[in-house]
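Below, each chain spelled out in residue letters.
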Amino acid sequence: MKSKKLTINIVIALVAGIIIGSIGDIYADTSLVKGVDQYFFNTVGQIFLNLIFMLVVPVVFVSIVLGVVGVGDPKLLGGIGLKTLVFFLCTTAIAITIAIVLALIVKPGAGHSDLMKSTEVASYQKTLDKQSEGAEAPANQTFDQTLINLFPKNPIESMTQGNMLQVITFSIFIGIGMMVLGDKALIVRQFFEQFNEILMYIISMIMRVFAPIGTFCLVAHAFTGAGLGAIKQLGLYFIVVLAALILHFFLIYGGTIKFIAKDSPIKFFKGFIPAITIGFGGSSSNAALPVSMECTKKMGVRPAIASFVQPLGATINMDGTAIMQGVATVFIAQISGAQLTILQILTVIVIAVIASIGTAGVPGVGLIMLAMVLTAVDLNPAAIGIIIGIDRLLDMTRTAVNITGDAACAFMISKQEDRKAVSS
Ligand code: ASP
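Residues numbered from 1 in each chain as written. Predicted model: local features only at pLDDT ≥ 70, side-chain atom pairs only at ≥ 80, totals over all residues. Heavy atoms only, no water.

**Things to note about the packing of aromatic side chains**
Per the counting criterion, the structure on display carries 15 aromatic pairs. Between the aromatic rings of Phe 61 and Phe 192, the centroid separation amounts to 5.5 Å while the plane-to-plane angle is 75°, which identifies the pairing as edge-to-face. One end of the pair, Phe 61, is in helix H2 (residues 31-71); the other, Phe 192, is in helix H8 (residues 186-224), with 131 residues separating them in the sequence. With a relative accessible area of 17%, Phe 61 lands in the buried category. By relative accessible area, Phe 192 is classed as buried at 8%. Aromatic ring contacts, followed pair by pair, group Phe 249, Phe 250, Tyr 253, Phe 268, Phe 269, Phe 272 and Phe 411 into a single cluster. Looking at Lys 258, its charged tip hangs above the ring of Phe 259, at a distance of 6.0 Å from the centre. (Phe/Tyr/Trp six-rings, centres within 6.5 Å; stacked < 30°, edge-to-face > 60°. Helix = DSSP H or I, 4+ residues; strand = E, 2+ residues; numbered from the N terminus. Buried < 20%, exposed > 50% of the residue type's maximum accessible area, 1.4 Å probe, protein only. Lys NZ or Arg CZ within 6 Å of the ring centre and 35° of its normal.)

What follows is the structure in structure tokens.
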């Protein structure tokens with residue numbers, strides 16, 4: 001009952017944030033709105049996000065260790081791991097295909113060739129030039145380097161830098177060690193279990209006290225600075241991304257829950273609302289992770305599976321991001337007057353799936369990784385400058401989709417394990 005009331009309050013806060021923020025955007029130049037935005041919306045919103053971020057590294061570490069131990073059998077762990085990876089890769093490929101097909105049909109970039117000459121392109125070109133002069137941009141990282149970087153030299157450094165893939169690798173090793181050693185590592189295991197209890201308590205406390213006001217402020221801040229007017233010019237691009245996100249959300253995740261997990265999609269989506277709003281408000285899969293795991297566990301997902309699948313998903317599974325990249329690539333090709341060949345479209349699908357794995361679950365990274373996709377099909381990455389202005393709102397929406405994909409995967413695998421347990 002309590003959690004239902006909290007969910008309703010968060011949804012009210014979200015809607016109020018959109019309305020107040022949109023009004024604020026009209027008067028964004030006045031000092032009153034600037035002051036309220038800076039000292040209230042932004043400050044409270046950031047405090048709320050920091051409170052959640054504070055828990056992300058410990059939650060990922062502890063959850064994955066306990067998830068691995070909880071699965072209890074290295075073979076079963078391998079099976080779950082494989083299923084998770086296959087689900088992540090397939091849904092991301094489907095997501096980008098939906099996006100590309102929709103963009104090819106609607107042609108959001110048709111008749112906008114003037115955009116390529118805009119100042120946004122020139123100024124983003126300067127940013128790219130500066131980047132290539134300095135340190136290697138993440139989008140330019142080679143495949144072998146990405147592979148090497150999965151393995152941390154110093155796990156403490158990985159934690160302080162928030163390098164989630166390395167934290168996950170380290171956690172899996174600790175978990176396997178703990179699982180194989182069994183009672184010999186009992187005290188450490190109990191320590192992790194109790195630490196997990198503490199973290200879960202802190203999360204629910206933060207949610208109870210801060211979630212409605214924090215969500216309101218985050219959303220109001222995002223909308224106040226969003227420059228909603230800019231949406232008009234890029235309206236069709238915006239609508240196609242949104243439509244593809246919505247299609248993917250309901251068809252693919254709803255279908256997964258209904259036909260593979262054999263459960264009610266409505267119940268699933270409803271139970272996941274608190275996480276969706278945090279993902280939306282914070283534009284970060286990582287920040288939403290503690291809440292999204294709490295939601296799925298409440299829906300009956302086995303804790304070991306939620307703890308293993310969702311942190312992995314928050315780091316490597318970004319269907320919403322792939323959707324934005326698919327539409328953006330077609331859009332940029334259209335405004336550049338380029339015709340994408342079938343081979344180029346297939347290249348976009350493959351590269352976007354890889355980019356999605358490399359995209360960190362924090363705000364805005366999807367747009368940086370888009371440079372990698374554009375370069376692969378000979379489009380000018382400086383065109384990102386055109387869509388950057390409205391990306392914040394799309395980032396919020398795609399993050400909500402990203403984390404729902406992780407949750408749907410955990411839900412599906414957990415239900416399948418439940419059925420296996422009943423039939424054996
Ligand atoms: N903000 C997204 C996430 O955290 C990543 C992105 O697309 O920029 O899931």
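**Looking at the site of the ligand**
Around the ligand sit 16 residues, and of these Ser 285, Thr 321, Gly 366, Asp 395 and Arg 398 come closest. The backbone of Gly 364 places a nitrogen or oxygen atom 3.4 Å from an oxygen atom of the ligand. Here an oxygen atom of the ligand sits 2.7 Å away from a polar atom, N or O, in the main chain of Gly 366. Breaking the shell around the ligand down by element, the ones donating at least two residues are helix H17 (365-376) and helix H19 (391-423). Here the shell around the ligand takes four residues from H19, the largest share from any one element. Taken together, the residues of the shell around the ligand sort by class into five nonpolar, nine polar and two charged. (Near = heavy atom within 4 Å. Polar contact = N/O pair within 3.5 Å; in protein donor to acceptor, adjacent residues only side chain to side chain. Nonpolar A, V, L, I, M, F, W, Y, C, P; charged D, E, K, R; others polar.)

**Considering the environment of Ile 8**
Considering the arrangement of structural elements, one finds Ile 8 in helix H1 (residues 2-26). The sequence separation of Ile 8 and Pro 274 amounts to 266 residues, and the corresponding C-alpha distance is 9.0 Å.

**A few points about a nonpolar patch on the surface**
A cluster of nonpolar side chains, contributed by Leu 32, Val 36, Phe 40, Tyr 201, Met 205, Val 209, Phe 210 and Ile 213, occupies part of the molecular surface with about 700 Å² of accessible area. Elements with a minimum of two residues in the nonpolar patch: H2 and H8. As for its position among the elements, Leu 32 is in helix H2. Among the residues examined, Leu 32 registers a relative accessible area of 63% and is labelled exposed. (Patch = residues over 30% accessible without salt bridge, like charges linked within 9 Å, V, L, I, M, F, W, Y side chains within 5 Å. Areas by Shrake-Rupley, 256 points an atom, 1.4 Å probe, with all protein chains shown as cover. Salt bridge = Lys/Arg side-chain N within 4 Å of Asp/Glu carboxyl O.)

**Here's the deal with the packing of H8 against H19**
Following both chains from N to C, one finds H8 and H19 inclined at 145°, their axes separated by 9 Å at the closest point. Here the hand of the crossing between H8 and H19 comes out left-handed. Residues Val 219, Ala 222 and Phe 223 of H8 lie in contact with H19, whose contacting residues are Arg 392, Leu 393 and Met 396. Residues belonging to the contact of H8 with H19 are distributed by class as follows: five nonpolar, no polar and one charged. (Axes fitted to C-alpha atoms, helices over the stretch in contact; angles between N-to-C directions. Left-handed = near helix turned anticlockwise from the far one by under 90°. Contact = heavy atoms within 4.5 Å.)

**A word on the pattern of salt bridges**
Scanning the entire structure with this criterion turns up seven salt bridges. With a shortest N-O distance of 3.1 Å, Asp 263 and Lys 267 are connected by a salt bridge. Looking at Asp 263, the relative accessible area reads 18%, which means it is buried. Its salt-bridge partner being Arg 302, residue Asp 418 comes within 2.8 Å of it at the nearest N-O pair. Residue Asp 418 is located in helix H19, and its partner Arg 302 is located in the loop between helix H13 (285-298) and helix H14 (303-316); the two are separated by 116 residues in the primary sequence.

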